[in-house]
Amino acid sequence: MNIQTPAAAKTADANEPRPTRDEAEAAVRTLLRWAGDNPNREGLIDTPSRVVRSYREFFCGYDEDPAEMLARSFEETDGYDEMVLLRDIRLESHCEHHMVPIIGRAHIAYLPAGRVVGISKLARVMELYARRLQIQEKLTAQIANTINDVLQPLGVAVVIEAAHQCMTTRGVHKPGVAMITSRMLGAFRDNPSTRREFLAMVGAPRAGGFEG
Ligand SMILES: [Zn+2]
């Protein structure tokens, strides 16, 4: 059992070292051949290196620990105790079952108890988890739990509305369908008026509109 592992190793299989870039590019060439195309034709010759560079970007969330990032950035406040809400944060992730995009928006709120962070840091927590292979339920819970653990606020609420391209471009082909997940902790779960205030500020979920 791993008790202490560096941040980058937490999500990786400790027994399997990370493949080299050449190995990753060879894997892309295999997929191109498997799809029925010729990886050596002119239009595809640079595709493996482009795909690998894209994957570095899509999955860069494995290289940083969101809890550590947030722990470095909080500030003590002078008693500010109203809700802080970041609404309509553009969300781009990839589903761990099909490795295709999940595109949507997130709303993140917390009720401070002495500690606040810059709003960009809330979006950054979301991004570090989103830039990993995900399912929406886990992503929602991870964002809420991390903010809760590090800031120890009176409550945290996270709502994510997203379209899954594994549902819109393949399989059941249902464009315009949004999946909505939420995680409410502390006052957002226990206090109906806090919950109502949050939901009123976030507004009714909008169907579709983010098949980007
Ligand atoms: Zn999927």
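Everything numeric here is computed off the predicted structure, so don't read it as measured data.

A. Region of the structure containing the overall build of the chain. Within the chain one finds eight helices and seven strands. Referenced to the eigenvectors of the C-alpha coordinate spread, the extents of the chain come out at roughly 65 × 40 × 30 Å. A separation of at least 24 residues holds for 71% of the contacts in the chain among residues at least 6 apart in sequence. Total accessible area on the chain is roughly 12,100 Å²; 52% of this is exposed by carbon and sulfur atoms. If the 26 positive side-chain charges of the chain are averaged to one point and the 28 negative ones to another, these points end up 4 Å apart.

B. Highlighting the sheet that holds strand S3 (residues 101-111). The strand order across the open sheet formed by five strands is S5-S2-S3-S6-S7, and the pairing between neighbours is mixed. If you trace the sheet from one side to the other, it starts and ends with strand S5 (133-134) and strand S7 (179-186), each paired once. Of the pairings in the sheet, the one linking S3 to strand S6 (residues 155-164) comprises ten bridges and is antiparallel in character. Its bridge partner being in S6, Arg105 is matched across the sheet by Glu161. Across the sheet, helix H4 (residues 119-130) is in contact with strand S2 (84-95), S3 and S5; its angle to S2 comes to roughly 20°.

C. Spatial organisation of the environment of Pro101. Relative to the assigned elements, Pro101 resides in strand S3. The class for Pro101 is partly exposed, based on a relative accessible area of 24%. Between the C-alpha atoms of Pro101 and Ile143, which are 42 residues apart in sequence, the distance is 19 Å.

D. Representation of the packing of helix H1 (residues 21-35) against helix H2 (residues 47-58) in the model. Packing of H1 against H2 brings their axes to within 8 Å, and their N-to-C directions diverge by 115°. Considering only the axes of H1 and H2, their crossing is right-handed. Facing H1, whose interface residues are Arg21, Ala24, Glu25, Val28, Arg29 and Leu32, H2 presents Thr47, Pro48, Ser49, Val51, Val52 and Arg53.

E. Up close: the pairing of S2. Inspection of the sheet shows S2 paired to S3 by nine bridges, in the antiparallel sense. When the bridges of S3 are listed, Leu91 appears paired with Gly104. Between the end of S2 and the start of S3, which pair antiparallel, lie five residues, with Met99 showing a positive phi angle near 55°. With two bridges connecting them, S2 and S5 associate as parallel partners. Of the residues in S5, the one forming a bridge with Cys95 is Gln134.

F. Structural detail: the coordination of the zinc ion. For the zinc ion, every protein donor is listed as Cys95 (SG), His98 (ND1) and Cys166 (SG), and the spread of their distances is 2.1 to 2.3 Å. Given the relative accessible area of 35%, His98 is considered partly exposed.

G. Expanded view of unusual backbone geometry. In this model, Asp88 sits at a positive phi of 60°, which is unusual for a non-glycine residue. Among the structural elements, Asp88 can be located in strand S2. Its relative accessible area of 34% is what places Asp88 among the partly exposed residues.

H. Summary view of the nonpolar core. Residues Ile108, Tyr110, Ile143, Ile147 and Ile160 are the most contacted members of the largest nonpolar core, which totals 31 residues. Listing elements by their share of this core, those giving two or more residues are helix H3 (66-71), S2, S3, H4, helix H5 (136-151) and S6. Ranked by size, the runner-up nonpolar core spans ten residues in total, among them Leu111, Met184, Phe188 and Phe198.

I. Focus on the packing of H4 against H5. Look at H4 against H5: their axes get within 10 Å of each other, and the N-to-C directions meet at 140°. Taken together, the axes of H4 and H5 are oblique relative to one another. Both H4 and H5 take part in a crossing whose hand is right-handed. Between H4, through Leu122, Val125, Met126, Tyr129 and Ala130, and H5, the contact on the second element is made entirely by Leu139, Gln142, Ile143, Thr146 and Ile147. Partitioning the contact of H4 with H5 into residue classes produces eight nonpolar, two polar and no charged.

Cut-offs used in this document
Residues numbered from 1 in each chain as written. Predicted model: local features only at pLDDT ≥ 70, side-chain atom pairs only at ≥ 80, totals over all residues. Heavy atoms only, no water. Helix = DSSP H or I, 4+ residues; strand = E, 2+ residues; numbered from the N terminus. Contact = heavy atoms within 4.5 Å. Areas by Shrake-Rupley, 256 points an atom, 1.4 Å probe, with all protein chains shown as cover. Lys, Arg positive; Asp, Glu negative; His and termini not counted. Charge placed at Lys NZ, Arg CZ, Asp CG, Glu CD. Pairing = 2+ DSSP bridges. Axes fitted to C-alpha atoms, helices over the stretch in contact; angles between N-to-C directions. Buried < 20%, exposed > 50% of the residue type's maximum accessible area, 1.4 Å probe, protein only. Left-handed = near helix turned anticlockwise from the far one by under 90°. Donors = N, O, S within 2.8 Å, 3.2 Å for Na, K, Ca; no water. Core = buried A, V, L, I, M, F, W, Y, C linked by side-chain atoms within 4.5 Å. Parallel < 35°, antiparallel > 145°, perpendicular 65-115°, else oblique. Nonpolar A, V, L, I, M, F, W, Y, C, P; charged D, E, K, R; others polar.

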